[in-house]
Amino acid sequence: TLSLLRDRSHIDETLRLATEEKSGDYAAALQRLRKIYHSSIKPMEQAYKYNELRQHEISAYPGRTLGDSATDGEITSKPMVLFLGPWSVGKSSMINYLLGLQDSPYQLYTGAEPTTSEFTVIMHGEKIRSVEGIVMAADSSRSFSPLEKFGQNFLEKLIGIEMPHKLLERVTFVDTPGIIENRKQQERGYPFNDVCQWFIDRADLIFVVFDPTKLDVGLELEMLFRQLKGRESQIRIILNKADNLATQDLMRVYGALFWSLAPLINVTEPPRVYVSSFWPYDYAPDTSRELFKREEISLLEDLNQVIENRLENKIAFIRQHGIRVRIHGLLVDRYVQTFKDKMSFFSDPELVFKEIVDDPDKFYIFKSILAKTNVSKFDLPNRDAYRDFFGINPVTNFKALSAQCSYMGGCLLDKIERAITVELPALLSSINSGKQPGLSSCEATGCGEKPKNRYRKN
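Just so you know, these numbers come straight off a predicted model, no measurement behind them.

What counts as what
Residues numbered from 1 in each chain as written. Predicted model: local features only at pLDDT ≥ 70, side-chain atom pairs only at ≥ 80, totals over all residues. Heavy atoms only, no water. Helix = DSSP H or I, 4+ residues; strand = E, 2+ residues; numbered from the N terminus. Buried < 20%, exposed > 50% of the residue type's maximum accessible area, 1.4 Å probe, protein only. Contact = heavy atoms within 4.5 Å. Areas by Shrake-Rupley, 256 points an atom, 1.4 Å probe, with all protein chains shown as cover. Expected span 1.5 Å × (residues − 1). Arc of directions from axis to C-beta. Core = buried A, V, L, I, M, F, W, Y, C linked by side-chain atoms within 4.5 Å. Domains from an automatic or database assignment. Pairing = 2+ DSSP bridges. Axes fitted to C-alpha atoms, helices over the stretch in contact; angles between N-to-C directions. Salt bridge = Lys/Arg side-chain N within 4 Å of Asp/Glu carboxyl O. Parallel < 35°, antiparallel > 145°, perpendicular 65-115°, else oblique. Left-handed = near helix turned anticlockwise from the far one by under 90°. Nonpolar A, V, L, I, M, F, W, Y, C, P; charged D, E, K, R; others polar. Disulfide = S-S within 2.5 Å.

(A) Just the overall build of the chain, in detail. Within the chain, the secondary structure is distributed over 15 helices and 12 strands. A burial count over the chain gives 48% of its 458 residues as buried. The contacts of the chain with a sequence gap of at least 6 include a subset with a gap of at least 24, amounting to 78%. Within the structure as shown, the chain displays about 22400 Å² of accessible surface, and the carbon and sulfur contribution to it stands at 53%.

(B) Just the environment of Gln-234, in detail. Within the secondary structure, Gln-234 is located in the loop between helix H8 (219-227) and strand S9 (235-239). By relative accessible area, which is 15% here, Gln-234 ends up buried. Gln-234 sits 38 residues away from Arg-272 along the chain, and the two C-alpha atoms are 9.7 Å apart. Those residues within four positions of Gln-234 in sequence are excluded, and the remaining contacts are Ala-203, Asp-204, Leu-205 and Ile-206.

(C) Summary view of helix H9 (residues 247-261). For H9, with 15 residues, the first-to-last C-alpha span of 21 Å sits near the 21 Å given by 1.5 Å per residue. For H9, every residue scored as buried is listed here: Leu-250, Val-253, Leu-257 and Leu-261. Seen along its axis, H9 keeps its buried residues to an arc of 60 degrees; they face one direction. Away from the buried face of H9 by more than 90 degrees, exposed residues Gln-248, Met-251, Arg-252 and Trp-259 are located.

(D) Quick peek at the nonpolar core. Residues Phe-83, Phe-173, Phe-207, Tyr-335, Tyr-386 and Phe-390 are the most contacted members of the largest nonpolar core, which totals 80 residues. Both domain 1 (7-78 + 309-441) and domain 2 (79-287) contribute no fewer than three residues apiece to this core. Other than its neighbours up to four places away in sequence, Tyr-335 contacts Phe-353, Ile-356, Val-357, Pro-360, Ile-365, Phe-366, Tyr-386, Phe-390 and Val-395. In this structure, Phe-144, Phe-210, Ala-242 and Tyr-283 belong to the second largest nonpolar core, which totals 47 residues.

(E) Broad picture of the side chain of Glu-423. By secondary structure assignment, the location of Glu-423 is in helix H14 (residues 412-434). Once residues lying within four places of it in the same chain are set aside, the contact partners of Glu-423 are Arg-32, Ile-36, Ser-40 and Arg-418.

(F) Local environment of the sheet that holds strand S7 (residues 172-175). Across the sheet, which stays open at both edges, the eight strands sit in the order S5-S6-S4-S7-S3-S8-S9-S10 with mixed pairing between neighbours. The open sheet has two edge strands with one neighbour each: strand S5 (129-132) and strand S10 (272-275). Between one strand and the next, the sheet's axes are offset by a mean angle of 20 degrees, whatever the strand orientation. In this sheet, strand S6 (residues 158-163) lies alongside S5 in antiparallel orientation, the contact comprising four bridges. In the strand pairing of S6, Glu-132 is matched with Ile-159. Against the sheet, helix H7 (residues 192-202) makes contact with strand S3 (80-84), strand S4 (119-124), S6, S7 and strand S8 (205-210), and its axis sits at roughly 140 degrees relative to S3, the strand it touches most. Against the sheet, helix H10 (residues 289-342) makes contact with S3, S8, S9 and S10, and its axis sits at roughly 135 degrees relative to S10, the strand it touches most.

(G) Summary view of the pattern of salt bridges. For the structure on display, the rule yields 15 salt bridges. Between Asp-302 and Arg-236 there is a salt bridge, with its nearest N and O atoms 2.6 Å apart. Separated by 66 residues along the polypeptide, Asp-302 in helix H10 and Arg-236 in strand S9 bring together distant segments of the chain. Where Glu-417 meets Arg-326, a salt bridge forms, and the shortest distance between an N and an O atom there is 3.1 Å. You can see Glu-417 sitting in helix H14 and its partner Arg-326 sitting in helix H10, a full 91 residues away along the chain. With relative accessibility at 9%, the residue Arg-326 sits in the buried group.

(H) Inspection of the packing of H10 against helix H11 (residues 349-358) at higher detail. Running from amino to carboxyl end, H10 crosses H11 at an angle of 130 degrees, the nearest separation of the two axes being 10 Å. In terms of orientation, H10 and H11 fall into the oblique class. Considering the relative orientation of H10 and H11, their crossing is right-handed. On H11, the residues that touch Tyr-335, Thr-338, Phe-339 and Lys-342 of H10 are Pro-349, Val-352, Phe-353, Glu-355, Ile-356 and Val-357. Residue composition of the contact of H10 with H11, by class: seven nonpolar, one polar and two charged.

(I) View of the pairing of S9. Most of S9 sits out of view: five of its five residues are buried. Judged by which residues are buried, S9 turns out to be covered on both faces: Ile-235, Ile-237 and Leu-239 on one side and Arg-236 and Ile-238 on the other are all buried. Taken together, the five bridges between S8 and S9 define a ladder with parallel strand orientation. Its bridge partner lying in S9, Val-209 is registered against Ile-238.

(J) Region of interest: the state of the cysteines. Following the criterion strictly, the structure yields one disulfide and no others. There is a disulfide in this structure between Cys-405 and Cys-411, and the S-S distance comes to 2.0 Å. Across the S-S bond linking Cys-405 and Cys-411, the dihedral sits near 110 degrees, which makes this disulfide right-handed. Take Cys-405: its relative accessible area is 36%, and that puts it in the partly exposed class. Take Cys-411: its relative accessible area is 23%, and that puts it in the partly exposed class.

(K) Region of interest: the side chain of His-10. Counting through the fold element by element, His-10 comes out in helix H1 (residues 9-14). Assessed through its relative accessible area of 5%, His-10 is described here as buried. In contact with His-10, not counting residues within four places along its chain, are Tyr-97, Lys-293, Glu-296, Ile-297 and Leu-300.

Shown next, in the form of structure tokens:
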């Protein structure tokens with residue numbers, strides 16, 4: 001079979017894996033982001049107990065409230081690409097092909113029968129090893145610890161594979177058990193749909209893979225598309241094994257696929273469909289090799305774009321988080337100062353503070369923050385949140401901001417302001433300057449218009 005293996009050089013070129021610095025840049029930017037967060041934002045977060053400020057009505061990030069602090073696992077987690085679809089459509093072969101694992105001891109099992117019964121997470125590591133699901137869930141530095149809630153039966157079906165690979169320095173792949181129609185969920189022994197939902201909610205790119213020779217959209221697949229509602233911009237549909245069909249049949253199948261998916265995806269802009277044969281062997285003779293290769297390059301460009309946007313979004317998110325932490329620090333400082341000013345030798349501290357917390361406007365607490373800083377009134381937290389906050393944390397537990405300085409470390413306020421106004425914007429522009437200007441997938445595929453950046457969070 002060796003003579004039949006396909007040339008993979010376009011993968012390394014398109015993903016820019018051939019150049020040494022590209023993936024190194026990504027890892028270095030993540031480390032820099034982590035350092036800024038730890039040295040400049042987290043100290044104020046801890047000093048003023050930001051994560052105990054609960055703001056019930058707004059969610060800052062999918063599944064999180066504003067009060068939650070950012071975790072290391074979240075800052076350093078890489079974009080996640082999720083492979084979904086019926087069994088035996090070539091999901092595992094596609095991962096083997098993209099990572100060049102063919103004939104290596106760590107290639108994912110593939111075959112005509114349902115082979116993948118596990119959720120397999122393929123991630124970067126210094127050496128090749130597999131990691132048990134229970135170990136992955138127990139390690140808080142990874143972002144998989146919430147999976148514990150699905151129970152031991154599921155953790156036995158979760159496996160991690162670590163390997164040194166340049167693409168995995170920038171992205172994590174998740175292979176899922178194939179959807180088997182007519183199978184009851186309870187036969188799996190764990191809540192399959194809930195687990196899929198957990199990965200769908202966290203995936204930056206979702207490849208739904210189909211085999212054009214068997215396009216039955218049954219109940220389990222319909223259920224899956226219901227779970228994908230709202231994530232249409234992350235979905236890419238892959239018509240794999242396309243060289244198994246003559247061109248005319250392929251066109252018919254393409255139409256049939258859209259026809260069967262149309263009721264499941266009600267969105268004005270349908271997901272992008274890639275038609276190719278994603279595996280290591282050469283295309284079948286007399287098929288549209290040039291088209292398939294262009295489609296492949298286009299998909300790889302798409303992947304590149306997601307990786308780069310994810311890093312930008314992450315820096316922007318940490319900066320937003322820093323702005324909120326700073327506002328919180330300024331507000332607590334204001335409450336502390338007002339309390340000190342109001343207290344006299346004879347006053348009852350509880351009554352004095354109750355008056356302040358019940359009517360902060362009387363003491364211009366929120367107004368003074370707007371006057372003193374470039375804060376939008378829309379970014380100010382809810383006044384009631386502070387009544388709750390000081391109910392748990394007495395005002396006497398906090399020092400004024402002016403006292404939060406050290407000879408070696410400088411002042412908390414200066415450091416967080418520097419991070420927000422100088423360091424994080426500089427990190428963002430350093431990534432953008434590293435991009436090749438104007439390189440869009442269209443230069444490779446001639447698709448006629450620059451693809452819109454649909455991944456950016458508004």
